[in-house]
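# Architecture at a glance
The primary structure of each chain is shown beneath.
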Amino acid sequence: MNGVDRTSSRVAIEVRDLVTHYGERKILKGVSFDILEGEILVIMGGSGSGKSTLLNHLLGLLRPTSGAIRLLGVDITKAPPREMQALRRKMGVAFQGGALFSSMSVGDNIMLPLREHTRLDRKTMEIMARLKMEVVDLAGFENLMPAELSGGMIKRAALARAIVMDPKLLFCDEPSAGLDPVVASSIDDLILRLRDAMGMTIVVVTHELESAFKIADRILVLDKGEIIGLGSVDEIRNSASERIQNLLHRRTEEVELDADAYLRRLTGEE
Amino acid sequence: MLTQTVRMLGRLGETVVKGVAEMGFAAVLLGEALFWLAMGRRREQPVRLAPIVAEMTEIGLRALPIVTVLAVTIGIMLAIQGIYTLRMFGAESQVVPGIAFSVVREFAPLITGILVAGRSGSALAARLGTMRINQEVDALQVMGISPVRFLVVPPLVAMLVMVPSLSLWSILVALGGAGVYVSSTLDMTFAAYARQCLEMLTLGDLAHGMGKSFIFAVLITLVGVVNGASVSGGAEGVGRMTTRSVVQAISAIVITDMIFVFLVTR
Ligand SMILES: Nc1ncnc2c1ncn2[C@@H]1O[C@H](COP(=O)(O)OP(=O)(O)OP(=O)(O)O)[C@@H](O)[C@H]1O
Ligand SMILES: [Mg+2]
């Protein structure tokens, strides 16, 4: 419903036949999708469906068994370190727990990418960091340590760090999980603002239905390592698929019918 | 019965494979750390001095009081035992060579290594483990900042500087402590004791002690980093790996010491 016209039709992220394992266990079972430039894609799915695994692959933190992942045209499963390095400067990530460095002040955390990747002098970097802190409504907190921040402030600081290099791609893992509704909603607004103001392509992993419906251009629904739905908010909301409706209404899956498999699992003889 | 044996063998095999894999990981880490030290500037990812200085303060300066106390104690202890043993042969005055050699070649580096492993090696494992479960290591990686350069090189350099320095200090202090005891017990002045020490000891003895402490420095760092990096399962996992890292570091130090002595003094 929102913003499809705002997105250009160029592909920013391309995932093809992605198959991944943890040890012997197959987690993602051949996942393919595109994300367009300037689009907000929300990845949803039940616990254990493979959302974090998918995200970690998009970030190049895990190597897939097979398949291709192209970010801004670079296949990160094959790219040499230098190309990867160049690409990483165009990506920002806000991790679920913030992943702020606990030994550095909030300001230093936000400045870290600038310090490592640019030759700006300290004054300029401080100004740029403060600019981003304004964006996330954290102005004036740069001298606090991460341990002194509230949950919502940590998520916003993590967002500020993620956007300090003005990335083209922004990834957010559960940006509003565990926050009270008002704060959660303010983070949703912030994500929308970032896309509108800076034209970022944004991938959000979330459990929160309300937040997904509010920010998503399209929603991707994962279940047991497979895509069971990919479409606009309305398409997903009105989907006829039982599995999607179960997920949306938080119904548990139907009871297991295979008694043998159930017994085998109980006795650990799989 | 048979299946039990097979399972046990399987578990043994797993442990061996895991151990070999960890050593391989440690070797790769060391190689990568040296790479960043040498090439960081050219890759526009230089190793910075400030964190190294901070680590040196923590690993070295803060350990100075306890190293001093332990070294004095060890020195006095060696003197007491040496005099007691030699008295049986009426040769108390021959105690100095025994003290000098064992302090310089063995006890000072060993005690310092064990102390640093317990103080700083464990802290390193705990810190990296916590960073790992908080996804801070992932965050570094996605920012294009090498976690090895950022997290491993500073403690490695600091250890390489501080463990030998602390060892040198504990050699001086232990010899001094022993000298005070010897000169107060036997008919020998402190100056005579010191002169005899200097006459006995060669640069080779010092190199022996210092060479070991360099190896201990590398061992402590690698054991701490490998254990920290393989933490899984929350705060409990951090605790488990921290304990494991202390046990492994001390074992590695003692075993390496033995191998070193065997190879060098045979
Ligand atoms: N490090 C790991 N080692 C082994 N298996 C893992 C690991 N991480 C996740 N898994 C398994 O992979 C599957 C998918 O996990 P993933 O974390 O991607 O799920 P998720 O959709 O993010 O769930 P949640 O909403 O609970 O975070 C799960 O079955 C999980 O047990
Ligand atoms: Mg997850």
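Residues numbered from 1 in each chain as written. Chains lettered and ligands numbered in written order. Predicted model: local features only at pLDDT ≥ 70, side-chain atom pairs only at ≥ 80, totals over all residues. Heavy atoms only, no water.

Turning our eyes to something else, we now look at the overall build of chain A. Check the secondary structure of chain A and you find 10 helices and 10 strands. Over its C-alpha atoms chain A spans a radius of gyration of 20 Å, differing by no more than 12% from the 18 Å that the globule rule assigns to 270 residues. Taking the principal axes of its C-alpha atoms as reference, chain A extends roughly 65 × 45 × 45 Å. When each of the 270 residues of chain A is scored for burial, the buried share is 51%. Considering only residue pairs separated by 6 or more positions, chain A has 65% of its internal contacts joining residues 24 or more positions apart. In the form shown here, chain A has an accessible surface area of approximately 13000 Å², with 52% of it arising from carbon and sulfur atoms. Side-chain charges in chain A split into 35 positive and 39 negative, and the spacing between the mean points of these groups amounts to 6 Å. (Helix = DSSP H or I, 4+ residues; strand = E, 2+ residues; numbered from the N terminus. Rg over C-alpha atoms; globule rule 2.2 N^0.38 Å. Buried < 20%, exposed > 50% of the residue type's maximum accessible area, 1.4 Å probe, protein only. Contact = heavy atoms within 4.5 Å. Areas by Shrake-Rupley, 256 points an atom, 1.4 Å probe, with all protein chains shown as cover. Lys, Arg positive; Asp, Glu negative; His and termini not counted. Charge placed at Lys NZ, Arg CZ, Asp CG, Glu CD.)

This brings us to the packing of helix α8 (residues 203–229) of chain B against helix α9 (residues 234–265) of chain B. Residues and elements named next belong to chain B. Running from N to C, α8 and α9 cross one another at 150°; their axes reach a closest spacing of 9 Å. Considering the angle they form, α8 stands roughly antiparallel to α9. The handedness of the crossing between α8 and α9 comes out as right-handed. Here the residues of the contact of α8 with α9 sort into 12 nonpolar, 8 polar and 3 charged. (Axes fitted to C-alpha atoms, helices over the stretch in contact; angles between N-to-C directions. Parallel < 35°, antiparallel > 145°, perpendicular 65-115°, else oblique. Left-handed = near helix turned anticlockwise from the far one by under 90°. Nonpolar A, V, L, I, M, F, W, Y, C, P; charged D, E, K, R; others polar.)

So, about the interface of chain B and chain A. Contacts between chain B and chain A engage 18 residues on the former and 20 residues on the latter. Between chain B and chain A, the buried area comes to about 1800 Å², and carbon and sulfur atoms account for 56% of it. At the junction of chain B with chain A, the criterion picks out 2 salt bridges. Between E116 of chain A and R48 of chain B there is a salt bridge, and its shortest N-O distance comes to 3.3 Å. Seen at the junction of chain B and chain A, the total is 6 residue pairs in polar contact (both at pLDDT 80 or more). At the level of elements, α5 (136–142) and α6 (147–185) of chain B are the ones that each hand at least two residues to the side of chain B that touches chain A. The greatest single-element share of the side of chain B that touches chain A, amounting to 6 residues, is contributed by α5 of chain B. Taken together, the residues of the side of chain B that touches chain A break down into 7 nonpolar, 5 polar and 6 charged. (Buried area = accessible area lost by both parts, 1.4 Å probe. Salt bridge = Lys/Arg side-chain N within 4 Å of Asp/Glu carboxyl O. Polar contact = N/O pair within 3.5 Å; in protein donor to acceptor, adjacent residues only side chain to side chain.)

Residues I255, M258, I259, F262, L263 and V264 of chain B make up a contiguous nonpolar surface patch of roughly 620 Å² in combined accessible area. Looking at where M258 of chain B falls in the secondary structure, it is placed in helix α9. (Patch = residues over 30% accessible without salt bridge, like charges linked within 9 Å, V, L, I, M, F, W, Y side chains within 5 Å.)

A word on the domain arrangement of chain A. Residues and elements named next belong to chain A. Along its sequence, chain A is carved into domain 1 (9–90 + 171–181 + 200–270) and domain 2 (98–166). Taking the mean C-alpha position of each, domain 1 and domain 2 sit 28 Å from one another. On the side of domain 2, 7 residues touch domain 1, which itself brings 8 residues to the contact. Both sides together, the interface formed by domain 1 and domain 2 hides about 610 Å², and carbon and sulfur atoms give 66% of it. The largest contributions to the domain 1 side of the interface with domain 2 come from R89, L179 and M200, which together make up 64% of the buried area. Class assignment of the residues belonging to the side of domain 1 that touches domain 2 gives a composition of 5 nonpolar, 1 polar and 2 charged. (Domains from an automatic or database assignment.)

Bringing the nonpolar core into the picture now. Ranked by internal contacts, the top residues of the largest apolar core, which has 60 residues, are I13, L59 and F171 of chain A. Residue contributions to this core peak at 7 residues, all from α6 of chain B. Residue-level mapping places this core at the junction of two domains, with at least three residues from each of domain 1 (9–90 + 171–181 + 200–270) and domain 2 (98–166) of chain A. Beyond its immediate sequence surroundings of up to four residues, I13 of chain A is in contact with F33, D34, I35, L58, R70, L71, L169, F171 and V203 of chain A. Listed in part, the 46 residues of the second largest apolar core include A94, I110, A157 and L192 of chain A. (Core = buried A, V, L, I, M, F, W, Y, C linked by side-chain atoms within 4.5 Å.)

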